[in-house]
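Chain by chain, the residues run as shown.
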Amino acid sequence: MFKAILMADIHLKDTEPIGKFDSTGLSLRTLDKLNALERVFNFAIEKQVDSIFILGDLFNSCNPSNRLRLEFSKRLLPVVEKQIKVVILGGNHDTSDGRFFNFMSEAIYNSYIYFVKSKKIKVNGWTIYCASWGYEDSIDSNIEDKAILLAHTQIIGAKYDSERISDKFYAPERFKQFKRVYLGHFHKRQKIENIQYIGALCRNDFGERDNPEGFLYLELNDTISETYISINDRQFIQLELDVTSEDGIYEALGNMDLKDAIVKLKINLQADIIVKKNKVRKFLETKQVFDSLIEFYRPKFTRLAKVSINKDLSMQKTLDNFIKQKQITKELALCGKNLLEEVMARE
């Protein structure tokens, strides 16, 4: 039996837009991803797998820093010591002019790590074809009966998210000769005929908040057995609140379990309510969130020139019409009326 792990789209980067930094300056969200990789590698050692395949975009750029390479290498070292082969494909983010394929040479160099553009591997009666981003057309036209494709590419009809659908580069029929096709690139886990996008190992933004995150465990005998393993990544929670006062924000969040989550708040406020983001952020800190993003939204008002005013009306009547057309809150309307009365009294 040939046993393997497949994962994709980790997107390790030096600086994440989400989360703070540890005492050494390492992004805590990057540390999340490194810890997730460590859990995958521990699983591989426990299951005594033969190979680990990373299907592109291990890094978010083709020139990761030495520190980032070193942090990845430290997690990878126990796998190498167990003589588990690691095959790494290039993705659209971490491939450029061949630089990706030797980025690890300063950190780890031995016969168990392969950086491949295009490769054919024979195992247990199966042929595994590997193709990095841009090397899909290097695959042989004559495919064996028991063949699997591992690649980083874009399929027509695949979903970016719940709304956007790909209209390029390859039709599913291009790879119909394979028994199974496992891909990286789209972070949303999905299947199209014999093609399967594994999905990202960890969430990268709020657009992926509802996506399952994890990796595949394969066993190859006469047939293919696959198991999806969830990585239990940190939650991304997006909330939209309609409030009439600042206290309404805290009341809405009061009973929610937000511990260790990455929280995005979209707060719809009335025009006359003043709320400071720092105060809301400090409240979220008491809920022990990992990080928070806060956005305020207020009703948009048209310009005064667009309000219909009749020059024959009295000032009081004109003000009443203005308040009605502009949907001014009661508090502001009362201030306006009091001010007008004061001005008229002085005249």
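Refer to the structure presented above.
Every value quoted in this text rests on a predicted model; they were computed, and no experiment measured them.

Engineer: Hey, could you run me through empty space enclosed by the protein in this one?
Structural biologist: Empty space among the atoms can be located by rolling a probe the size of a water molecule over them. In this structure the tally under the stated criterion is 1 cavity of 30 Å³ or more. Of the volumes computed, that of the largest cavity is approximately 30 Å³. Taken together, Phe 2, Ala 4, Leu 6, Phe 53, Ile 128, Ile 148, Leu 150, Leu 218 and Leu 220 make up the lining of the largest cavity. Of all the secondary structure elements, the ones that give two or more residues to the lining of the largest cavity are strand S1 (2–7), strand S7 (147–152) and strand S11 (214–220).

Engineer: What should I look at first to understand the sheet that holds strand S5 (residues 118–123) in this one?
Structural biologist: Backbone hydrogen bonds are what pair the strands of a sheet, in a parallel or an antiparallel way. Overall, mixed pairing links the 6 strands, which are arranged S5-S6-S7-S8-S10-S9 in an open sheet. Looking at strand neighbours, the two that pair on one side only are S5 and strand S9 (190–192), the edges of this open sheet. For this sheet, the mean inter-axis angle between neighbouring strands, taken without regard to orientation, is 20 degrees. The pairing of strand S8 (residues 180–184) with strand S10 (residues 195–197) spans 3 bridges and is classified as parallel. Along S10, the bridge assignment pairs Leu 183 with Tyr 197.

Engineer: What exactly am I supposed to notice about unusual backbone geometry here?
Structural biologist: What you tend to see is this: most non-glycine residues have negative phi, and most peptide bonds are trans. Going from Lys 168 to Phe 169, the amide bond is cis rather than trans, its omega being 10 degrees. Residue placement: Phe 169 occurs in the loop between S7 and S8. The phi dihedral of Asp 9 falls on the positive side, at around 55 degrees, and the residue is not glycine. Residue position: Asp 9 is located in the loop between S1 and helix H1 (28–47). Its relative accessible area of 0% is what places Asp 9 among the buried residues. Phi at Gln 288 takes a positive value of approximately 65 degrees, unusual for a residue other than glycine. Mapped onto the secondary structure, Gln 288 falls in the loop between helix H4 (277–286) and strand S15 (291–297).

Engineer: Mind showing me how you'd approach the nonpolar core here?
Structural biologist: Across soluble globular proteins, nonpolar side chains have a tendency to be buried as a group. Judged by nonpolar contacts, the single largest core of 31 residues is most densely connected at Met 7, Leu 37, Ile 52 and Leu 201. Only S1, H1, strand S2 (51–55), helix H2 (66–81), strand S3 (85–89) and S11 provide two or more residues apiece to this core. Considering each element in turn, this core owes the most residues, 7 residues, to H1. When residues no more than four places from it in sequence are discounted, the contact partners of Met 7 are Leu 37, Val 40, Phe 41, Ile 52, Phe 53, Ile 54, Leu 55, Ile 198, Leu 201 and Phe 215. The next biggest cluster of nonpolar side chains, apart from the first, holds 22 residues, and it includes Phe 2, Val 87, Leu 89 and Tyr 182.

Engineer: I tried to follow the layout of surface pockets on my own but got confused; where do I start?
Structural biologist: Reported here for the largest pocket is a volume of approximately 610 Å³. Lining the largest pocket are 27 residues, and of these Tyr 160, Arg 164, Asp 205, Gly 207 and Glu 208 lie nearest its centre. The residue makeup of the lining of the largest pocket, split by class, is 3 nonpolar, 11 polar and 13 charged.

Engineer: Help me out: how do you make sense of the pattern of salt bridges in this one?
Structural biologist: For side chains of opposite charge, pairing can occur when their charged atoms come near one another. Tallied over the entire structure, the rule returns 12 salt bridges. When the shortest N-O distance is used, the salt bridge between Lys 33 and Glu 16 registers 3.0 Å. Residue Lys 33 is located in helix H1, and its partner Glu 16 is located in the loop between S1 and H1; the two are separated by 17 residues in the primary sequence. Taking relative accessible area as the criterion, Lys 33 reaches 1% and is therefore assigned buried. In this structure, Lys 191 engages Glu 226 in a salt bridge whose closest nitrogen and oxygen atoms are separated by 3.9 Å. One end of the pair, Lys 191, is in strand S9; the other, Glu 226, is in strand S12 (residues 224–230), with 35 residues separating them in the sequence. Accessibility expressed as a relative area gives 26% for Glu 226, which makes it partly exposed. Shared partners join several salt bridges into a network, and the residues in it are Arg 29, Asp 32, Asp 233 and Arg 234.

Engineer: What am I meant to see in the packing of helix H3 (residues 246–253) against H4 here?
Structural biologist: Describing two packed helices takes the angle between their axes plus the distance from one axis to the other. At their nearest, the axes of H3 and H4 sit 11 Å apart, and the two run at 20 degrees to each other. In terms of orientation, H3 and H4 fall into the roughly parallel class. For the pair H3 and H4, the crossing hand works out as right-handed. Where H3 abuts H4, its residues Glu 246, Ile 249, Tyr 250 and Leu 253 lie against Lys 279, Val 280, Phe 283 and Leu 284. The residue makeup of the contact of H3 with H4, split by class, is 6 nonpolar, no polar and 2 charged.

Rules of the game
Residues numbered from 1 in each chain as written. Predicted model: local features only at pLDDT ≥ 70, side-chain atom pairs only at ≥ 80, totals over all residues. Heavy atoms only, no water. 1 Å grid on protein atoms, 1.4 Å probe; cavity = no way out; pocket = protein on both sides within 12 Å on 5 of 7 lines; lining within 4 Å. Points joined across faces, edges and corners; volume = space filled by probe spheres on them. Helix = DSSP H or I, 4+ residues; strand = E, 2+ residues; numbered from the N terminus. Pairing = 2+ DSSP bridges. Axes fitted to C-alpha atoms, helices over the stretch in contact; angles between N-to-C directions. Buried < 20%, exposed > 50% of the residue type's maximum accessible area, 1.4 Å probe, protein only. Core = buried A, V, L, I, M, F, W, Y, C linked by side-chain atoms within 4.5 Å. Contact = heavy atoms within 4.5 Å. Nonpolar A, V, L, I, M, F, W, Y, C, P; charged D, E, K, R; others polar. Salt bridge = Lys/Arg side-chain N within 4 Å of Asp/Glu carboxyl O. Parallel < 35°, antiparallel > 145°, perpendicular 65-115°, else oblique. Left-handed = near helix turned anticlockwise from the far one by under 90°.

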